[in-house]
Amino acid sequence: MAFRKRREALRSILSGSACIRPGSVYDAVSIRIAEDLGFELGMFGGSVASLAVLGDPDIALITLTELAEQMRRMSRAASLPVLVDADHGYGNALNVRRTVQELEAAGAAGLTIEDTLLPQACGETKTQLISLEEGVGKMKAALDGRGDPSLVIMGRTGAVSVTSIEDAIARARAYEATGVDALFFTGVNTRGELEAIAAATRLPIVLGGAPEEMTEPAYLAGQRVRIALQGHAPFAAATLAVYETLKALREGQSPKALKGLASSGLTGRVMREADVKARSAEFLGLKNLGLKN
């Protein structure tokens, strides 16, 4: 299958002995940059998906179709394996099954399904979780929807910070029993919590952020953490760069006087200018194609 190599690369990370940090990606340009810099994995988070596609906060407004289309654009642009935050699967267990099918077809190397109650219930200000039984049903549906056995499916829970470490472990063990490939945890804030999770489970662990004292790769690897997220700084940096550039132009600064712009060389690499020129020469007979930046 077209995307099997990417999925096998993610499986190699999970079956390895090291803890890696993925690059946060959200569009064709960001994934190419992450690939060129040598990241082993891209992470397409729900928050940056909502920002990149809608310009809205991460409150489950983005649709499955929009998420899958953005993933498809990235899959076309680069071959970097991408782990996709599929939130709650966009509905009940049957919706989860379709979510898996759509993201698999879009080229995702792996995806996470979480047990958060989304969208947030009317009148509730605190994060809520679905029942363990419903969570198990969603994991089973996700596995049933998988057509390519190399696609990685992760069971995700934020129970550590929402309910208790005991509940998080109970959910993790129940999700393990369904046959998911890895366990994704958010809200783990102490070494004691992580060590309790590692002792009670057997699958590879993915952490969606952790305090500074828990970022040592060797320690995380020793607790069976194979992937540790580090936020979505690239999108924040891009937002500031666009803001400052437009602000300067609006205030009358000359485009030639702007600082911090990508060089023509970097822009050319990101848009794969050399490849386009080679194809144009081969297929169109254009030997001296001039591309504008």
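Residues numbered from 1 in each chain as written. Predicted model: local features only at pLDDT ≥ 70, side-chain atom pairs only at ≥ 80, totals over all residues. Heavy atoms only, no water.

Per an unreviewed UniProt entry, the protein goes by the name Oxaloacetate decarboxylase and belongs to Bradyrhizobium sediminis. What the UniProt record of the protein gives under Catalytic activity (unreviewed entry) is the line "oxaloacetate + H(+) = pyruvate + CO2". (UniProt positions renumbered as here; feature names shortened; annotations may be inferred.)

(A) Highlighting the overall build of the protein. When helices and strands are counted, the protein shows 13 helices and eight strands. For 293 residues, the compact-globule estimate of 2.2 N^0.38 gives 19 Å, and the C-alpha radius of gyration of the protein, at 21 Å, lies within 12% of that figure. The C-alpha extent of the protein, read off along each of the three principal axes, is 65 × 45 × 40 Å. Counting over 293 residues, the protein shows a buried share of 45%. Residue pairs in contact within the protein that sit at least 24 positions apart in sequence constitute 67% of those at least 6 positions apart. Accessible surface for the protein amounts to roughly 14500 Å². Of this, 54% is attributable to carbon and sulfur atoms. Here the protein contributes 33 positively and 34 negatively charged side chains, and the mean placements of these two sets differ by 7 Å. (Helix = DSSP H or I, 4+ residues; strand = E, 2+ residues; numbered from the N terminus. Rg over C-alpha atoms; globule rule 2.2 N^0.38 Å. Buried < 20%, exposed > 50% of the residue type's maximum accessible area, 1.4 Å probe, protein only. Contact = heavy atoms within 4.5 Å. Areas by Shrake-Rupley, 256 points an atom, 1.4 Å probe, with all protein chains shown as cover. Lys, Arg positive; Asp, Glu negative; His and termini not counted. Charge placed at Lys NZ, Arg CZ, Asp CG, Glu CD.)

(B) Local environment of the pairing of strand S4 (residues 110–114). For S4, a buried count of five out of five residues is recorded, marking the element as mostly surrounded by other parts of the structure. Here S4 shows a buried face lined by Gly-110, Thr-112 and Glu-114 and a second buried face lined by Leu-111 and Ile-113. In this sheet, S4 lies alongside strand S3 (residues 82–85) in parallel orientation, the contact comprising three bridges. What sits directly across from Val-84, in S4, is Leu-111. Between the parallel elements S3 and S4, the chain passes through helix H5 (residues 93–105) in a crossover that is right-handed. (Pairing = 2+ DSSP bridges. Right-handed = clockwise from strand over helix to strand, strands pointing away.)

(C) Seen up close, the UniProt feature "binding site: Mg(2+)" (unreviewed entry) in the protein. Mapped onto the present numbering, the UniProt feature "binding site: Mg(2+)" (unreviewed entry) falls on Asp-85. Once residues within four sequence positions are removed from consideration, Asp-85 is found in contact with Met-43, Phe-44, Gly-45, Gly-46, Leu-67, Thr-112, Glu-114 and Arg-156.

(D) Highlighting the packing of aromatic side chains. Overall, the coordinates contain one aromatic pair when judged by the stated rule. Judged by centre distance (4.9 Å) and plane angle (70°), the ring pair of Tyr-26 and Phe-235 falls under edge-to-face. Residue Tyr-26 is found in the loop between strand S1 (23–24) and helix H2 (28–36), and its partner Phe-235 is found in helix H11 (residues 233–250); the two are separated by 209 residues along the sequence. The class of Tyr-26 is buried, set by a relative accessible area of 10%. Its end group placed over the ring of Tyr-219, Arg-191 keeps NZ or CZ at 3.8 Å from the ring centre. (Phe/Tyr/Trp six-rings, centres within 6.5 Å; stacked < 30°, edge-to-face > 60°. Lys NZ or Arg CZ within 6 Å of the ring centre and 35° of its normal.)

(E) Quick peek at H11. Taking 1.5 Å per residue as the helical rise, H11 with its 18 residues ought to reach 26 Å, and the 26 Å between its terminal C-alpha atoms agrees with that figure. Just beyond H11, the residue with positive phi is Gly-252, at close to 100°. (Expected span 1.5 Å × (residues − 1).)

(F) Highlighting the pattern of salt bridges. Enumeration according to the criterion identifies 14 salt bridges in this entry. Between Asp-148 and Arg-4 there is a salt bridge; the shortest N-O distance is 2.9 Å. Remark: Arg-4 occurs in helix H1 (residues 4–15) and Asp-148 occurs in the loop between helix H6 (132–145) and strand S5 (152–157); sequence separation between them is 144 residues. Overall, Arg-4 belongs to the partly exposed group, its relative accessible area being 29%. For the salt bridge of Glu-251 with Lys-247, the shortest nitrogen-to-oxygen distance reads 2.9 Å. By relative accessible area, Lys-247 is classed as partly exposed at 35%. Here the salt bridges do not stand alone but share partners, grouping Arg-4, Arg-7 and Asp-148 into one network. (Salt bridge = Lys/Arg side-chain N within 4 Å of Asp/Glu carboxyl O.)

(G) Structural context of H2. Along H2, the positions that sit buried rather than exposed are Ser-30, Ile-31, Arg-32 and Ala-34. Next to the buried residues of H2 lie helix H4 (64–77), S3 and helix H12 (264–270). N-cap assignment for H2: the residue whose side-chain oxygen lies 3.3 Å from the backbone N of Val-29 is Asp-27. In the segment just after H2, Gly-38 is the residue with positive phi, at about 95°. (Polar contact = N/O pair within 3.5 Å; in protein donor to acceptor, adjacent residues only side chain to side chain.)

(H) Spotlight on unusual backbone geometry. With an omega of -10°, the peptide bond between Leu-118 and Pro-119 qualifies as cis. Structurally, the position occupied by Pro-119 is in the loop between S4 and H6. Non-glycine residue Tyr-90 carries a positive phi angle of around 65°. Tracing the backbone shows Tyr-90 in the loop between S3 and H5. We classify Tyr-90 as buried; its relative accessible area is 17%.

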